[in-house]
Structures are given as structure tokens and as C-alpha cells.
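Given next are the chains, with one letter for each unit.
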Amino acid sequence: QFHRNMVQFCMEGSEGCLQESIRLVPVKLGQTGIRIGLTEGFSRMEEERQRSRYPRAGRPETILENGGSVQVTAQLLGLQVEASAIRQAAEEIRQLAGELFPQYQVSPVYLCGEGKIPTGWFRMKMEDIGSGHIKALCTAGKGLVLVTFTYPLEESVKWASVIRRSFSTWEEEDGEDQ
């Protein structure tokens, strides 16, 4: 089972390419009811940084970072959605994001069904602030969960690959600590 093990994604020195070693470790996303694979080094963002980066009203329950360059937020949306409707739910969030932020490029919605939890996701490119988002939706026993990854645009190829690979590790949290 994934949640008891680390998953090796890439190995430094792989034939024909230069890359760093990337390992995905299981991380419980607060009270959302899911556990996902993230690269090593993510931890809860300090409260002072949370206050400065995220508005008080509507702040996600879980905010993680890896030394400041990449953030992961997770929150329950208070909706019950069947797993079979996750792509449509992601499409509705994508349309809303496009309406609220018309200045940003928004990708189509994709569906990842490789893991234990189907995940609908899309990318946002925010050139004016030098960041990219991947917004992913899944459903667990507690309802619809929105997970947002924010990363520097100059590292978008790396992070898009890592995040897409992590979707196959997502699972409902079984109540055990990591």
C-alpha cells in the first residue's frame, strides 16, 4: 500500500537525461480525508506566512510548502459529488476560475483515473505573478476536496510532471497517522 511506503518517481543519473531524484512520500491533507504523494520536504506553512499570503475569510484548512517556492492547499468544499461526476465538477470550477481571472490562461480539464480516487484537474498560467497553478478535485468520504498546487512558472515542466504523477497515489485516508 502506498501510504506505508515511499514511491521513487525519478532517479538521478537516469539514462539519457539530467534530473534530480524525486521521491513521493505520503502526506495526510488535514481533515480532508485524503492522503497524497508529495515530494519530500513539504511541511505546514507557519501561521504568520499563512496570514500574509492567504486572506482570513476562506483560507484553506491545509497549507503546505517546501521551503517557500511551492505551496499546496487543500480544502473541503462542502459538496457531495459522486466519483463518476468528478470531471464535470472540475469543469465547473475551471469555468468559474476563468470568469474570476480572465487575465490567466486556463487549460482544459483532464481526468486521472489511475489512482484509487478519480481526480479532475486543470492548469492556470499566471504570467503577471510568475506562478502556475494546478487545481485538482477529488471526492472522498467527507465530500468534494479542492487541492491547489502553486509553483514558479520557470519550474512548471518539473512540477506539472511531479503533480500529475502524484495523482496516481491519492487515496482516502484510513485514520492512521503518516
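Computed from a predicted structure; not experimentally measured.

1. Focus: the confidence of the model for the protein chain
(1) Moving on: For the protein chain, mean pLDDT is 85; residues scoring 70 or higher make up 86% of the total.
(2) Moving on: Below pLDDT 50 for its whole length, residues 1-12 participates in 39 contacts with residues either more than four positions away or in separate chains.

2. Some details on the pattern of salt bridges
(1) Moving on: On inspection of all chains with the given rule, the structure shows 7 salt bridges.
(2) Moving on: Its salt-bridge partner being Glu 173, residue Arg 35 comes within 3.2 Å of it at the nearest N-O pair. Here Arg 35 is found in strand S3 (residues 34-39), whereas its partner Glu 173 is found in the segment after strand S12 (171-172), with 138 residues between them in sequence.
(3) Moving on: A salt bridge links Arg 49 to Glu 65; its shortest N-O distance comes to 2.7 Å. Of this pair, Arg 49 sits in helix H1 (residues 47-53) while Glu 65 sits in strand S5 (residues 62-65), placing them 16 residues apart in sequence.

3. Some points on the environment of Arg 53
(1) Moving on: Relative to the elements of secondary structure, Arg 53 occurs in helix H1.
(2) Moving on: Look past the residues within four positions of Arg 53 in its chain and what remains in contact with it is Met 45 and Gln 71.

4. Examining the nonpolar core
(1) Moving on: Ile 34, Val 147, Phe 149, Phe 167 and Trp 170 are the most contacted members of the largest nonpolar core, which totals 29 residues.
(2) Moving on: Going through the elements one at a time, strand S2 (22-28), S3, strand S6 (71-76), strand S10 (131-140), strand S11 (143-152) and helix H3 (156-166) are the ones with two or more residues in this core.
(3) Moving on: With near-sequence residues (within four places) excluded, Trp 170 lies in contact with Ile 34, Arg 35, Ile 36, Gly 37, Lys 116, Ile 117, Thr 119, Ala 136, Cys 138, Val 147 and Phe 149.
(4) Moving on: The next biggest cluster of nonpolar side chains, apart from the first, holds 13 residues, and it includes Ile 86, Tyr 104, Met 126 and Leu 144.

What counts and what doesn't
Residues numbered from 1 in each chain as written. Predicted model: local features only at pLDDT ≥ 70, side-chain atom pairs only at ≥ 80, totals over all residues. Heavy atoms only, no water. pLDDT = per-residue confidence, 0-100. Contact = heavy atoms within 4.5 Å. Salt bridge = Lys/Arg side-chain N within 4 Å of Asp/Glu carboxyl O. Helix = DSSP H or I, 4+ residues; strand = E, 2+ residues; numbered from the N terminus. Core = buried A, V, L, I, M, F, W, Y, C linked by side-chain atoms within 4.5 Å. Buried < 20%, exposed > 50% of the residue type's maximum accessible area, 1.4 Å probe, protein only.

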